[in-house]
Amino acid sequence: MPNDDLDAIDRRILAALQADGRLSNVDLAEKIGLSPSPCLRRVNRLEREGYVEGYRAMLGRRRIGLGLTVFVGVKIDGHADDRATTFEQEVVACPEVVSCHMVAGDADYLLEVTVSDLDAYQRFLVGKLLNLPLVREVKSTIAIQTLKAGGALPLEHLAP
């Protein structure tokens with residue numbers, strides 16, 4: 001649940017930083033209509049309170065040789081013991097896994113896996129994923145075309 005302490009300026013800061021995380025404080029302050037010092041204090045508070053978790057460059061997957069995205073549904077044999085925690089830790093540590101969600105439905109976890117090609121996916125699947133504790137079933141769905149990925153989070157619900 002969002003914090004009620006976010007005012008219109010905080011929401012404009014979050015939207016501007018999502019659109020361009022490389023904005024200098026001066027440019028950000030100008031963009032949102034605030035002087036630089038109070039703008040920086042607000043950004044620091046938003047970072048400290050966890051609204052801004054970090055900054056990163058978004059890389060072109062195909063451009064860097066990661067042309068295959070596979071969504072993988074994983075069923076496991078149990079959730080309530082240390083082996084389930086080990087499974088989660090090991091899956092999250094795999095660099096090929098760019099997102100991991102515990103889900104309700106046909107699978108227990110939904111992974112987004114990004115690799116160079118089918119051979120690389122086979123190596124990941126057989127050499128890593130199927131060797132993890134508790135893995136009972138895996139269902140792979142190959143993305144044919146990506147229409148949207150890594151989009152900005154919607155912020156409309158934060159407005160009063």
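The numbers attached to residues start from 1 for each chain and follow its sequence in the written order. Given that the model is predicted, a residue must reach a pLDDT of at least 70 before its local features are reported, and side-chain atom pairs must reach 80 or more before they are shown or counted; all residues, however, enter totals for whole chains, interfaces and linings. Excluding hydrogens and water, the side-chain values take into account all heavy atoms of the structure.

S.K.: When you look at the pairing of strand β3 (residues 109–115) in this model, what are you seeing that I'm missing?
M.R.: Every other side chain in a regular strand lies on the same face of the sheet, so the side chains alternate between the two faces. Only protein chains enter the accessibility calculation, which uses a 1.4 Å probe; a residue is then buried when its area is under 20% of its type maximum, exposed when over 50%, and partly exposed in between. What counts as a helix is a DSSP run of H or I of at least four residues, what counts as a strand is a run of E of at least two, and both are numbered from the N terminus. β3 sits mainly inside the fold: 6 of its 7 residues count as buried. By the bridge criterion, 7 bridges tie strand β1 (residues 68–76) to β3 in an arrangement that is antiparallel. Within β3, the position partnered with L68 by the bridge is V115. In sequence, strand β2 (residues 97–102) turns back onto β3 through a hairpin of 6 residues, with G105 there showing a positive phi of about 130°. Think of it this way: DSSP has to see at least two bridges between two strands before they count as a pair.

S.K.: Sorry, what's going on with the packing of helix α2 (residues 25–32) against helix α3 (residues 36–48) here?
M.R.: The description of two helices packed together rests on the angle between their axes and the distance between the axes. Lines fitted to the C-alpha atoms define the axes, with helices restricted to the stretch that makes contact. Angles between their N-to-C directions range from 0 to 180 degrees. Here α2 crosses α3 at 100°, and the two axes come no closer than 9 Å. Between α2 and α3, the interaxial angle falls into the category roughly perpendicular. Only P36, C39, L40 and V43 of α3 make contact with α2, whose side of the interface consists of N25, V26, L28, A29 and I32. Lys, Arg, Asp and Glu make up the charged group, whereas Ala, Val, Leu, Ile, Met, Phe, Trp, Tyr, Cys and Pro make up the nonpolar group; the residues left over, Gly among them, are polar. Residue classes in the contact of α2 with α3 are distributed as 8 nonpolar, 1 polar and no charged. Roughly parallel covers angles under 35 degrees, roughly antiparallel covers those over 145, roughly perpendicular covers 65 to 115, and oblique covers all other angles. Here, residues are in contact when the closest pair of their heavy atoms is within 4.5 Å.

S.K.: Can you help me understand unusual backbone geometry in this one?
M.R.: Glycine aside, a negative phi is what most residues show, and trans is what most peptide bonds show. Even without a glycine there, the phi angle at L134 is positive, about 75°. One can find L134 in the loop between α5 (118–127) and β4 (135–142).

S.K.: Sorry, what's going on with the packing of helix α1 (residues 8–19) against α2 here?
M.R.: Packing of α1 against α2 brings their axes to within 10 Å, and their N-to-C directions diverge by 125°. For the element pair α1 / α2, the angle class is oblique. Read as a crossing pair, α1 and α2 show a hand that is right-handed. The residues of α2 that touch α1, namely those facing I9, R12, I13, A16 and L17, are L28, K31 and I32. Here the residues of the contact of α1 with α2 are counted per class, giving 6 nonpolar, no polar and 2 charged. The handedness criterion is simple: a crossing whose near helix is rotated anticlockwise from the far helix by less than a right angle is left-handed, and one whose near helix is rotated clockwise is right-handed.

S.K.: I would appreciate a short explanation of the packing of aromatic side chains in the present structure.
M.R.: To describe a pair of aromatic rings, one takes the distance between the centres and the angle between the planes. For Phe, Tyr and Trp, rings pair up if their centres lie within 6.5 Å, where Trp contributes its six-membered ring, and each pair is then called stacked (planes under 30 degrees apart), edge-to-face (over 60) or tilted (otherwise). Under the criterion given, the structure shown has 2 aromatic pairs. For the ring pair F87 and Y109, a centre distance of 5.0 Å and an interplane angle of 55° mean the geometry is tilted. With F87 in helix α4 (residues 82–93) and Y109 in strand β3, this pair connects stretches of sequence that are 22 residues apart. Y109 shares its class with F87; the two are buried. An angle of 35° between the planes, with centres 6.2 Å apart, marks the rings of Y121 and F124 as tilted. Placement of the pair is Y121 and F124 together in helix α5, with a separation of 3 residues, close to one helical turn. For the residue pair Y121 and F124, the accessibility class agrees, reading buried in each case.

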